[in-house]
Amino acid sequence: MELLSRTRTTTCSIPSHPHGFKALMSLYRQRRNLRKLDDASLRDIGLSRHDALTEANRAPWDVPSHWKA
């Protein structure tokens, strides 16, 4: 057990968002759906295709800064 605790490293942390895993899954679904929007829908929310794809391609652990402790 000691060996495990000494060699264990983490490359990302769980966000401090109150809902944790559910919030991460919601963010994943939102980014996935953002990729599917057509140009007219993107214009409605004030995003360019480039902006939408940039956000959609972010890593799952790349959460909004207000989630981080």
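Before any of the text, the structure's been laid out above.
Only a predicted model underlies this, so the values are computations on that prediction, with no experimental measurement involved.

For this particular structure, what's the right way to read the environment of G20?
As for its position among the elements, G20 is in the loop between α1 (2–7) and α2 (21–36). In the structure, G20 is positioned 47 residues away from W67 in sequence and 9.5 Å away in space, judged by C-alpha atoms.

I keep staring at the pattern of salt bridges and nothing clicks. Help me out?
Evaluated as defined, the whole model comprises 4 salt bridges. Here E55 makes a salt bridge to R31, at a shortest N to O gap of 3.0 Å. Pair noted here: E55 is in helix α4 (residues 49–56) and R31 is in helix α2, with a separation of 24 residues, a long-range link. Among the ionic pairs, R58 bridges to E55, the shortest N-O distance being 2.9 Å. For R58, a relative accessible area of 28% puts it in the partly exposed group. When its relative accessible area of 25% is taken as the criterion, E55 is described as partly exposed.

Parameters at a glance
- Residues numbered from 1 in each chain as written.
- Predicted model: local features only at pLDDT ≥ 70, side-chain atom pairs only at ≥ 80, totals over all residues.
- Heavy atoms only, no water.
- Helix = DSSP H or I, 4+ residues; strand = E, 2+ residues; numbered from the N terminus.
- Salt bridge = Lys/Arg side-chain N within 4 Å of Asp/Glu carboxyl O.
- Buried < 20%, exposed > 50% of the residue type's maximum accessible area, 1.4 Å probe, protein only.

Function cannot be inferred from these measures alone, as they are strictly geometric.
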